[in-house]
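Residue-level structure breakdown
As a plain string of letters, each chain reads:
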Amino acid sequence: MIVSWNTTNQCNMFCEHCYRDAGARAEEELDTAEGKRLIEQIARAGFKIMIFSGGEPLMRPDIVPLVTHARAQGLRPVFGTNGTLLTLDLARQLKEAGTMGMGISLDSMDPQKHDDLRKYSHAWQEAVQGMKNCREAGLAFQIHTTAMEWNEEEIEKITDFAVEMGAVAHHIFFLVPTGRAVNIEEEALRVEKYERLLQRILTKQQQVPIELKPTCAPQFIRMAQQRGMKLRFQRGCLAGTSYCIISPRGLVQPCAYLELPVGNVREQAFDEIWQTSPVLQRLRTQNYGGKCAGCQYVSACGGCRARAAYYHQGDYMAEDEWCRYPGGKEPRTVVE
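No experiment lies behind these values; they were computed from the predicted model shown. Starting afresh in each chain, residues are numbered from 1 along the sequence in its written order. The predicted origin of the model limits local features to residues at a pLDDT of at least 70 and limits the giving and counting of side-chain atom pairs to 80 or more, whereas totals for whole chains, interfaces and linings rest on all residues. Side-chain measures here rest on the full set of heavy atoms in the structure, leaving out hydrogens and waters.

**Some thoughts on the overall build of the protein**
For clarity, the cut-off: Helix numbers and strand numbers start at the N terminus; a helix is a DSSP run of H or I with at least 4 residues, a strand a run of E with at least 2. Throughout, radius of gyration means the C-alpha value; the globule benchmark is 2.2 Å times the number of residues raised to the power 0.38. Exposure classes here rest on a 1.4 Å probe applied to the protein chains alone. A residue is buried below 20% of its type maximum, exposed above 50%, and partly exposed in between. By definition in these notes, contact holds between two residues if any of their heavy atoms fall within 4.5 Å. For accessible areas, the Shrake-Rupley method is used with a probe of radius 1.4 Å. Any residue's cover is judged against the shown protein chains and nothing else. Residues scored as positive are Lys and Arg, those scored as negative are Asp and Glu, and His as well as the terminal groups of each chain are ignored. To locate a charge, take atom NZ for lysine, CZ for arginine, CG for aspartate or CD for glutamate.
What the protein contains, in helices and strands, is 12 helices and 10 strands. Expected size for 336 residues packed as a compact globule is a radius of gyration near 20 Å; at 19 Å, the protein falls within 12% of this value. If you line up the protein on its principal axes, its C-alpha atoms span 55 × 45 × 35 Å. Relative to its 336 residues, the protein shows a buried fraction of 60%. Long-range contacts, defined here as pairs at least 24 residues apart, represent 69% of the contacts in the protein between residues at least 6 apart. Total accessible area on the protein is roughly 13,800 Å²; 48% of this is exposed by carbon and sulfur atoms. When the 39 positive and 41 negative side-chain charges of the protein are each reduced to one mean point, those points stand 6 Å apart.

**A word on the pairing of strand β5 (residues 141-147)**
Test applied: Any two strands are treated as partners once DSSP identifies two or more bridges connecting them. By convention a crossover is right-handed if, when the strands point away from the viewer, the path from the first strand over the helix to the second runs clockwise.
Counting buried positions along β5 gives 7 out of 7 residues, so the element sits mostly inside the fold. The pairing of strand β4 (residues 101-105) with β5 spans 4 bridges and is parallel. By the bridge assignment, Ser-105 is partnered in β5 with His-144. Bridge count between β5 and strand β6 (residues 169-174): 5 bridges; the pairing is parallel. When the bridges of β6 are listed, Thr-145 appears paired with Ile-172. Handedness of the β5-helix α6 (residues 155-165)-β6 crossover: right-handed.

**Some remarks on the packing of helix α1 (residues 32-44) against helix α2 (residues 63-72)**
Relative orientation and spacing of two packed helices are given, respectively, by the angle between their axes and the distance between those axes. Heads up, the rule is: Axes here mean lines fitted to C-alpha atoms, for a helix over just the part in contact, with angles spanning 0 to 180 degrees between N-to-C directions. With respect to orientation, any angle under 35 degrees is reported as roughly parallel, any angle over 145 as roughly antiparallel, any angle of 65 to 115 as roughly perpendicular, and every other angle as oblique. Crossing handedness is read from the near helix: turned anticlockwise from the far helix by less than a right angle, it gives a left-handed crossing, and turned clockwise, a right-handed one. Throughout, the ten residues Ala, Val, Leu, Ile, Met, Phe, Trp, Tyr, Cys and Pro are labelled nonpolar, Asp, Glu, Lys and Arg are labelled charged, and all others, Gly among them, are labelled polar.
With their axes 9 Å apart at the nearest point, α1 and α2 run at an angle of 25° to one another. Relative to α2, the element α1 lies roughly parallel. The hand of the α1/α2 crossing is right-handed. Contacts between α1 and α2 pair Thr-32, Gly-35, Lys-36, Ile-39 and Glu-40 from the former with Pro-65, Leu-66, His-69 and Ala-70 from the latter. The residue makeup of the contact of α1 with α2, split by class, is 4 nonpolar, 3 polar and 2 charged.

**Comments concerning empty space enclosed by the protein**
As a reminder, the rule being used: With a 1 Å grid spanning the protein atoms alone, the term cavity applies to any set of points in which a 1.4 Å probe fits but cannot get out, the term pocket to an open set with protein on both sides within 12 Å along at least five of seven lines, and the term lining residue to any residue with an atom within 4 Å of a point. Grid points are joined across faces, edges and corners, and a volume is the space filled by probe spheres set on the points.
Enumeration over the complete set of coordinates arrives at 1 cavity of 30 Å³ or more. As for the largest cavity, its lining consists of 15 residues, and the residues nearest its centre are Cys-292, Cys-295, Cys-301, Gly-303 and Cys-323. Elements with a contribution of two residues or more to the lining of the largest cavity: α8 (219-227) and α11 (290-293).

**Thoughts on the pattern of salt bridges**
Selection rule: Here a salt bridge means any side-chain nitrogen of Lys or Arg lying within 4 Å of a carboxyl oxygen belonging to Asp or Glu.
If you walk through the whole model with that rule in mind, you get 16 salt bridges. When the shortest N-O distance is used, the salt bridge between Glu-16 and Lys-119 registers 2.5 Å. Linking Glu-16 in the loop between β1 (2-6) and α1 with Lys-119 in the loop between α4 (111-118) and α5 (123-137), this pair joins segments that are 103 residues apart in sequence. Take Glu-16: its relative accessible area is 32%, and that puts it in the partly exposed class. Looking at Lys-119, the relative accessible area reads 46%, which means it is partly exposed. Beyond isolated ion pairs, a larger network of salt bridges with shared partners links Glu-192, Glu-195, Arg-196, Arg-222 and Arg-324.

**Observations regarding the side chain of His-69**
Assignment of secondary structure puts His-69 in helix α2. Once you skip the residues sitting within four places of it in the chain, His-69 turns out to touch Lys-36, Ile-39 and Glu-40.

**Examining the packing of α6 against helix α7 (residues 191-205)**
It is the contact of α6 with α7, at a shortest axis distance of 10 Å, that shows an interaxial angle of 30°. If you check the angle between α6 and α7, you find them roughly parallel. In the crossing of α6 with α7, the sense of the turn from one axis to the other is right-handed. In this structure, α6 uses Ile-155, Glu-156, Thr-159 and Asp-160 to contact α7, whose residues at the interface are Leu-197, Arg-200, Ile-201 and Lys-204.

**With respect to the nonpolar core**
Keep this limit in mind: Only buried residues count toward a nonpolar core. Its members are Ala, Val, Leu, Ile, Met, Phe, Trp, Tyr and Cys residues joined through side-chain atoms within 4.5 Å.
Counting 93 residues, the largest nonpolar core has Phe-52, Leu-94 and Phe-270 as its most contacted members. Tallying contributions element by element places α5 first for this core, with 6 residues. Beyond its immediate sequence surroundings of up to four residues, Leu-94 is in contact with Leu-58, Val-64, Val-67, Phe-79, Leu-86, Thr-99, Met-102 and Leu-139.

**Comments concerning the pairing of strand β3 (residues 76-81)**
When strand β2 (residues 49-53) meets β3, the two strands line up parallel, connected through 4 bridges. Each bridged residue has a counterpart across the sheet, and for Ile-51 the counterpart in β3 is Val-78. A crossover connection joins β2 to the parallel β3 through α2; in handedness this β-α-β unit is right-handed. Pairing geometry for β3 and β4, over 4 bridges, is parallel. Note on β4: the bridge partner recorded for Phe-79 is Met-102. One crossover worth recording links β3 to the parallel β4 by way of helix α3 (residues 88-97), and it is right-handed.

Note that every value here comes from positions in space, so none of it alone points to a role or purpose.
This is the structure we're talking about:
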């Protein structure tokens, strides 16, 4: 079970695809005491992996004590960061505090394209330096890439770079229109390219020694099974079933891309929200609509619930149209 806490809305970048619309620090963000109490409730709910994300989580001055507290609660603290603030000294502090891994964003092998996406000069160079600092500190790291129309041909090159840098994994995020990303919805890969890239990633997985994982693309589980590949991942979409996210001000939602608050940790303990929320309970039924309802891979895939909601007027139980597999039959041909 995995939980992500957006520790702050503050960020030193203004990325075009940011689901949180991060930049300035939000009013009334959870303070240190509230954050530690939340961590205790997360552990009590049975979660194992805790992602510290943002905004940019390294902009929180209390981030190291929060990691220390999470580790003391038996959680595995990991990060989602742009990597630009990851100095060698900070990498060593995070390692000593119990951080198990850093996810560092890199969206192109062309530094200028990466910088342009993030509206930040030298973002590429500073992210790569952050990786080097992790490596020197003995802190495991992986590369995170958001796949879009303009960079999808680069994905395997970024994987090769991840191997070269000593990363333990390369996670490829598929664009879901939420936050600022609604303004670049046309950059999302359509069905045919979406499926082809997933197949390419699975092929690449058989060629490299590090873990490759598509995210917000649950159909990769179905494709891996069709290939007879064994992955450590048992399910595609985890939203509300074994994953959720908490905003800087304590709002709980099923996933980062499904903007549907189901409670506030300032008003109700997180573990109670996780156990009793009607929305989360409904997601766990897997009673999906459309072709997802009759699909033989429904338990393994689940379809992207956030994408279903976006393209079906908020209906998070609708079918995920970004899929070529029509519920137990041979894949149809889809024209983009």
